[in-house]
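Working through the structure, step by step
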Amino acid sequence: MDRAQKEKVVEELGQIFESSGVVVVSHYAGLTVAEMQDLRARARDAGGAVRVAKNRLAKIALDGKPCESIADLLTGMTVLTYSEDPVAAAKVAEDFAKDNKNFEILGGAMGENALDRKGVETVSKMPSREELIASIVGCIGAPASNIAGAIGAPASNIASILSTIEEKAEAA
C-alpha cells in the first residue's frame, strides 16, 4: 500500500469515526471468510457496516475525532463495526459474538463516550431508532383515539337518556 492509498484509507476512516453513532472494536482472529461475510451481511441488513483496517492508520484517523478514546483498543487483529444508528452496530456485534466464539468484543465509542465490553452490551439492549419512532407514534396515536372515543361517548349517553325519557313518557 503506497502513501496515497494510506492517506485515502485514513480519510475514509476519519469519515467513519465522525459520522457514526456507534463504533464497536472487536478481535476477529480465527474467523473464517464465510463468518466475516456473515458479519458484513448482518451489519448491512441493520444499516451498518464492517471495516478491517491497519491499527496504525485507524489511530491516525482517530486523532481529533469524537471517539478518539477507542485508540487504546486498536491492538491485534481488530475489526470495526459501525452505524449511524447509535444501537444497530452494537446489536449486530453482540448477536454475532454469541454465535462465534472467535469474535471478541473489546469495547467501542458512542460519540465522545467510551464504551467498555459491558457498555457495548448495554447499548445493544436499547431500542433501535425505528423501535423508538414506532413507540412514539403509538403514544401520539393513542390520545387521538381516546379523544374520539370520549367525544362519541356523550352522544351515545344522550341518546340512551332520550330513549329512556321517551319510554317513561309513553308509559305514563
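Check the entry above for the structure.
Right, let's walk through the structure included here. (Residues numbered from 1 in each chain as written. Predicted model: local features only at pLDDT ≥ 70, side-chain atom pairs only at ≥ 80, totals over all residues. Heavy atoms only, no water.)

The next point concerns the sheet that holds strand β4 (residues 104–110). Spatially, the five strands line up as an open sheet ordered β2-β3-β1-β4-β5, and their pairing is antiparallel. With one partner strand each, in any of the chains shown, β2 (48–52) and β5 (113–115) form the two edges of the open sheet. Along the sheet, successive strands turn relative to each other by an average axial angle of 20 degrees, direction set aside. Alignment of β2 against strand β3 (residues 78–83), held across five bridges, turns out to be antiparallel. In the strand pairing of β3, A49 is matched with Y82. (Pairing = 2+ DSSP bridges. Helix = DSSP H or I, 4+ residues; strand = E, 2+ residues; numbered from the N terminus. Axes fitted to C-alpha atoms, helices over the stretch in contact; angles between N-to-C directions.)

Let's shift gears to the pattern of salt bridges. By the definition in use, this model includes seven salt bridges. A salt bridge links E12 to R51; the nearest nitrogen and oxygen atoms lie 3.2 Å apart. Of this pair, E12 sits in helix α1 (residues 3–19) while R51 sits in strand β2, and the two are 39 residues apart along the sequence. Here R42 and D99 are joined by a salt bridge, their closest N and O atoms 2.8 Å apart. Separated by 57 residues along the polypeptide, R42 in helix α2 (residues 33–45) and D99 in helix α4 (residues 88–99) bring together distant segments of the chain. Here the salt bridges do not stand alone but share partners, grouping D38, R42 and D99 into one network. (Salt bridge = Lys/Arg side-chain N within 4 Å of Asp/Glu carboxyl O.)

What follows covers the packing of aromatic side chains. Scanning the entire structure with this criterion turns up one aromatic pair. Ring geometry for F96 and F103: centres 5.0 Å apart, planes at 90 degrees, overall edge-to-face. One exposure class covers both F96 and F103, and it is buried. (Phe/Tyr/Trp six-rings, centres within 6.5 Å; stacked < 30°, edge-to-face > 60°. Buried < 20%, exposed > 50% of the residue type's maximum accessible area, 1.4 Å probe, protein only.)

For helix α5 (residues 117–124), the set of buried residues is G119, V120, V123 and S124. Viewed end-on, α5 has its buried residues packed into an arc of 135 degrees, placing them on one side of the element. Pointing more than 90 degrees away from the buried face of α5 are the exposed residues K118 and T122. At its buried positions, α5 is contacted by β1 (22–27), α4, β4 and β5. (Arc of directions from axis to C-beta. Contact = heavy atoms within 4.5 Å.)

All right, on to the pairing of β3 then. Extensive coverage of β3 is indicated by the burial of six of its six residues. The alternating pattern of β3 places T78, L80 and Y82 and V79, T81 and S83 on opposite faces, both of which are buried. Two strands pair when backbone bridges link them, and β1 and β3 are joined in this way by six bridges, in the antiparallel orientation. From the neighbouring strand, S26 faces β3, where its bridge partner is V79.

To continue, consider the packing of α1 against helix α3 (residues 55–62). It is at 8 Å that the axes of α1 and α3 come closest, and there the two elements cross at 55 degrees. When the axes of α1 and α3 are compared, the pair comes out oblique. Both α1 and α3 take part in a crossing whose hand is right-handed. Every residue of α3 that contacts α1 at K6, V9, V10, L13, G14 and F17 is listed here: R56, L57, A58, I60, A61 and L62. Grouping the constituent residues of the contact of α1 with α3 by class yields nine nonpolar, one polar and two charged. (Parallel < 35°, antiparallel > 145°, perpendicular 65-115°, else oblique. Left-handed = near helix turned anticlockwise from the far one by under 90°. Nonpolar A, V, L, I, M, F, W, Y, C, P; charged D, E, K, R; others polar.)

A cluster of nonpolar side chains, L132, I136 and I140, forms an exposed patch at the surface whose accessible area comes to about 300 Å². With respect to the helices and strands, the residue L132 is situated in helix α6 (residues 129–171). In this structure L132 comes out as partly exposed when scored by relative accessible area, which is 42%. (Patch = residues over 30% accessible without salt bridge, like charges linked within 9 Å, V, L, I, M, F, W, Y side chains within 5 Å. Areas by Shrake-Rupley, 256 points an atom, 1.4 Å probe, with all protein chains shown as cover.)

Moving on to α3. Regarding α3, the residues found buried are N55, L57, A58, A61 and L62. Along the long axis of α3, the arc covered by the buried residues comes to 160 degrees, so they all point the same way. The inward-facing, buried residues of α3 abut α1 and β3. Phi turns positive, to about 80 degrees, at G64, one or two residues after α3.

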